Amino acid sequence: MLRAENLTKRYRQGEKEVVALAGFTYAFPLGATAVVGPSGSGKTTLLNLLAGFDLPSEGGVFLEETPLHRLPEDARAEVRLKRMGFVFQQWNLIPTLTAWENVAFPLLLAGIPPKTRRERALELLERVGLEARASHLPSRLSGGEQQRVALARALALDPPILFADEPTGNLDAESREQVASLLFEAGRERTLILVTHDLELAARAERILHLKGGKLVWEEVSKVS
Amino acid sequence: MEIFHLVLRNLLARPVRSLLTLLGVLIATSSMVLFLSFGEGLRRSLFQELSRVGPAIQVVPEGTEGLGFGAYPEITPAQLQALEEAGRALGVRALVPTLFLSRGGFDPQTSFFFQGLPPGVGPDLLYPGVRAKEGLLVPKAEGAVVGGKVAKRSQLALESPLRLSPQVTLRVEGILEESGGLADNLIFVPLEALQRVLGTQNFSAVLVALSPGQRAEEVARNLEKAVPGLKAQTTGDVMRFAERALRISDLVRFGISLVALIVGGLLVANTVMMSVYERTREFGVMRALGARRGFIFRLVVLEALFLALLGGTLGLALGGMVSYAINLYTFSQVGLALSAITLRLAFFALLVALSLGLFAGLLPAYNASRIPVVEALGRV
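None of the values given here were measured: they were computed from a predicted structure.

So, on to the packing of helix 3 (residues 99–109) of chain A against helix 5 (residues 143–154) of chain A. All names here are of chain A. Interaxial distance between helix 3 and helix 5 falls to 8 Å at its minimum, and their mutual angle equals 30 degrees. By the angle between their directions, the pair helix 3 and helix 5 is classed as roughly parallel. Handedness of the crossing formed by helix 3 with helix 5: right-handed. For the pair helix 3 and helix 5, the contacting residues are Ala99, Asn102, Val103 and Pro106 in the first and Val149, Ala152 and Arg153 in the second.

Given below as structure tokens:
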């Protein structure tokens, strides 16, 4: 289980100190949790800290009992590789690699043999309906297709935690639905943390956390199960 | 898809830039290879030539290095006599006084090199393996034996006149077979004729042939003791001197080629830095997905190393081709292969190219591996 305790992040902007996140405490259970809130409410900062991209000014992030915020940079990278998957708004595929090579990239980092990597990547691409596009470069794929490749990549090492940051923000209606379905299906047996502006998408999560001014103001349990 | 595959993909994604960088390294390496190949060629030709020289000891005036080609003859008849006496006492096989004269300028096409030999001594005593193609091998009093290349170049035939001075004109009595050695470029004439031309009774050098079982170093030291003012150098001494001289010239030529190498290194550094700058987000994604800093560092360093090694290898190949062309020319002109790409030069060139890549890649690689994930992904 991923747990945030009194998570606080302050930045300096010239003379001024900005509090991006203030005393956020929450234990993320299995299933989908959406984090919503207006711009500047601290959603991205929260995701950065939970994923270990950044370190908190105060408080901490615990994965089971491991204090993620106390681990050195490379150890946090190792945790991300083996325990977390990421889907970003901008897809963030590696432009010089084909779809299957992008999916296989975390497997390469984990030292999986080439043959197994390819098999696993193709299997995941089939799961997101893109087996026919496996050898295409990202530039030859539509936004929706790129996001599905990114989702397949996030699932490559079958991580227990899945982060999605505005995963449908740049997609048309049809692709949005496709990606959302795949995402929630993947999140059924893991901890899915979904950061979004899209209240309709958030409503499909089991819990919705409302952030405002860097604080958790309200936790809502969704009617959808 | 291994890390090397990623490196290759990235370089191919920016083909023009990669190609230009490759060309930079290629030109830098090939110019260095070519510069240094002259030293290697000279070293090889010189040692081949020296190993063909029959007499084990060359006696030259003190202060002369090498064989004393080109220097004014300074060994006096009295010194020669003293040498002959000392030689007899030491039991040497033969002492051959010799004289050198060059006519013409710096252009080997129009220059003539004469070597004077005492009566009855043929070029085969000094240059083993030399044979007459036409006519005599040992020149008579007014005759000359011409090296194969000189004869061909200057269209000399038997009975052709050779005017050494207004008073001295010799006739070609023999033409040597081309042996690929120094003798191909020399004209052997009677010692006395050269002394008349130079107006001296002196000699340039005295060559000493040893009896079986004699040790060159020991005889040389005894000859020096017996005749002050002369230096008796063994083939080993000449080789050591030549090696020292060649090392210095190697350093000078390496220094010159260093300019090209630095430019090549800067090109690689620029390409890799640009690439790192453009791929900041990509590296951020890799780090976000779980890549360690070392992975990013290796990725960038490998790119630089790959460019440098490929450029270096191609540069070596180009250098080899140009060296071959140069050798074809110099062999046809002076009978010597002036350039040589030896195994140690090839290794050295590749090592320099790899070091170039390593140094050019280290800083960009370090920077790439230290970019904070949130900044790289624009998530601040």
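For the structure shown, the criterion picks out four cavities of 30 Å³ or more. By volume, the second largest cavity amounts to about 60 Å³. Every residue along the wall of the second largest cavity is listed here: Arg80(A), Leu81(A), Met84(A), Gly85(A), Pro106(A), Arg153(A), Ala154(A), Leu157(A), Pro159(A) and Leu289(B). Those elements giving two or more residues to the lining of the second largest cavity turn out to be helix 2 (73–83), strand 6 (84–87) and helix 5 of chain A. Residue composition of the lining of the second largest cavity, grouped by class: seven nonpolar, one polar and two charged.

In this section: the interface of chain A and chain B. Between chain A and chain B, the contact holds 29 residues from the first and 24 residues from the second. Carbon and sulfur atoms supply 59% of the area buried between chain A and chain B, which totals about 2600 Å² over both sides. The closest approach of N and O atoms between Glu78(A) and Arg292(B), which form a salt bridge, is 3.1 Å. Applying the counting criterion to the chain A and chain B interface returns nine residue pairs in polar contact (both at pLDDT 80 or more). Elements that contribute at least two residues to the side of chain A that touches chain B include exactly helix 1 (43–50), helix 2, helix 3 and helix 4 (114–127) of chain A. Broken down by element, the side of chain A that touches chain B gets its largest block of residues, six residues, from helix 2 of chain A. Looking at the side of chain A that touches chain B, its residues break down into 14 nonpolar, six polar and nine charged.

This brings us to the packing of aromatic side chains. Residue and element names in this part refer to chain A. Under the counting rule described, the total for this entry stands at ten aromatic pairs over all chains. Aromatic side chains tyrosine 26 and phenylalanine 28 sit 5.0 Å apart centroid to centroid with 70 degrees between the ring planes, which places their arrangement in the edge-to-face category. Assessed through its relative accessible area of 10%, tyrosine 26 is described here as buried. One aromatic cluster is present, formed by Phe53, Phe86, Phe88 and Phe163 through successive ring pairs.

Residue and element names in this part refer to chain A. Counting through the fold element by element, arginine 140 comes out in the loop between helix 4 and helix 5. The exposure class of arginine 140 is exposed, given its relative accessible area of 57%. Residues arginine 140 and alanine 99, spaced 41 residues apart in sequence, show a C-alpha to C-alpha distance of 9.7 Å.

The tendency in soluble globular proteins is for nonpolar side chains to be buried side by side. Formed by 63 residues in total, the largest nonpolar core has its most connected members in Phe24(A), Leu50(A), Phe53(A), Phe105(A), Phe163(A) and Phe295(B). It is helix 10 (residues 293–334) of chain B that contributes the most residues to this core, eight residues altogether. Residues contacting Phe163(A), with those up to four places away along its chain left out, are Leu2(A), Leu47(A), Leu50(A), Ala51(A), Met84(A), Gly85(A), Phe86(A), Val87(A) and Ile193(A). In this structure, Trp91(A), Val128(A), Leu130(A) and Val179(A) belong to the second largest nonpolar core, which totals 40 residues.

With that settled, the discussion passes to the side chain of Arg190(A). Residue and element names in this part refer to chain A. Summarising the element assignment, arginine 190 is placed in the loop between helix 6 (173–187) and strand 8 (191–195). Using a relative accessible area of 8% as the deciding quantity, one classes arginine 190 as buried. A polar contact is formed between the side chain of arginine 190 and the backbone oxygen of proline 159, at a distance of 2.8 Å. Separated by 2.7 Å, the side chain of arginine 190 and the backbone oxygen of alanine 186 make a polar contact. If near-sequence neighbours (up to four positions away) are discounted, arginine 190 is found in contact with Leu30, Gly31, Arg127, Leu155, Asp158, Pro159, Pro160 and Leu162.

Each value, and the rule that gives it
- Residues numbered from 1 in each chain as written.
- Chains lettered and ligands numbered in written order.
- Predicted model: local features only at pLDDT ≥ 70, side-chain atom pairs only at ≥ 80, totals over all residues.
- Heavy atoms only, no water.
- Axes fitted to C-alpha atoms, helices over the stretch in contact; angles between N-to-C directions.
- Helix = DSSP H or I, 4+ residues; strand = E, 2+ residues; numbered from the N terminus.
- Parallel < 35°, antiparallel > 145°, perpendicular 65-115°, else oblique.
- Left-handed = near helix turned anticlockwise from the far one by under 90°.
- Contact = heavy atoms within 4.5 Å.
- 1 Å grid on protein atoms, 1.4 Å probe; cavity = no way out; pocket = protein on both sides within 12 Å on 5 of 7 lines; lining within 4 Å.
- Points joined across faces, edges and corners; volume = space filled by probe spheres on them.
- Nonpolar A, V, L, I, M, F, W, Y, C, P; charged D, E, K, R; others polar.
- Buried area = accessible area lost by both parts, 1.4 Å probe.
- Salt bridge = Lys/Arg side-chain N within 4 Å of Asp/Glu carboxyl O.
- Polar contact = N/O pair within 3.5 Å; in protein donor to acceptor, adjacent residues only side chain to side chain.
- Phe/Tyr/Trp six-rings, centres within 6.5 Å; stacked < 30°, edge-to-face > 60°.
- Buried < 20%, exposed > 50% of the residue type's maximum accessible area, 1.4 Å probe, protein only.
- Core = buried A, V, L, I, M, F, W, Y, C linked by side-chain atoms within 4.5 Å.

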